[in-house]
Amino acid sequence: MLELMKTDIKRINQKWKLVYTRTVEARSFLCREAAGLYGLRLKRRRSGRVEYSIGGVLLPNLLVGLNGG
């Protein structure tokens, strides 16, 4: 009975990993498509600063302040 439970757990874990992988791939694809449709643009300033904009609207840099950045 214990071996049966172990094989069931292993099978369920494999299914979860597959579902997780497919979900990540789908989200990644949808984000790339949305960014393309809305016109995501990258601007590099002479000062070395990087800015992103979508549809002409400047996006705030959420990384500022994290890890000394």
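Cut-offs used in this document
Residues numbered from 1 in each chain as written. Predicted model: local features only at pLDDT ≥ 70, side-chain atom pairs only at ≥ 80, totals over all residues. Heavy atoms only, no water. Helix = DSSP H or I, 4+ residues; strand = E, 2+ residues; numbered from the N terminus. Polar contact = N/O pair within 3.5 Å; in protein donor to acceptor, adjacent residues only side chain to side chain. Pairing = 2+ DSSP bridges. pLDDT = per-residue confidence, 0-100.

Trainee: Would you mind going over the environment of Ser47 with me for this structure?
Mentor: Locating Ser47 in the fold gives a position in the loop between strand E1 (40–44) and strand E2 (50–54). Here the alpha-carbon distance between Ser47 and Leu58, two residues eleven residues apart in the chain, equals 17 Å. Polar contacts involving the side chain of Ser47 include one to the main-chain amide nitrogen of Arg49, which spans 3.5 Å.

Trainee: Is there a simple way to explain the sheet that holds strand E3 (residues 57–58) in this structure?
Mentor: The strands making up a sheet associate through hydrogen bonds between their backbones, and the pairing can be parallel or antiparallel. Reading across from one edge, E1-E2-E3 is the order of the three strands in this open sheet, with antiparallel pairing throughout. For this open sheet the edge positions go to E1 and E3, each flanked by a neighbour on one side alone. Bridging between E2 and E3 involves two bridges; their strand directions are antiparallel. Opposite Ser53, over in E3, you have Leu58 as the bridge partner.

Trainee: In this structure, what is going on with the confidence of the model for the protein chain? I would like to understand it.
Mentor: Reading predicted coordinates in detail is not appropriate for stretches of low pLDDT. On average, residues of the protein chain score 90 in pLDDT, and 93% of them reach the 70 mark or higher. Confidence, expressed as mean pLDDT per element, reaches its minimum in the protein chain at E2 with 90 and its maximum at helix H1 (residues 2–38) with 96.

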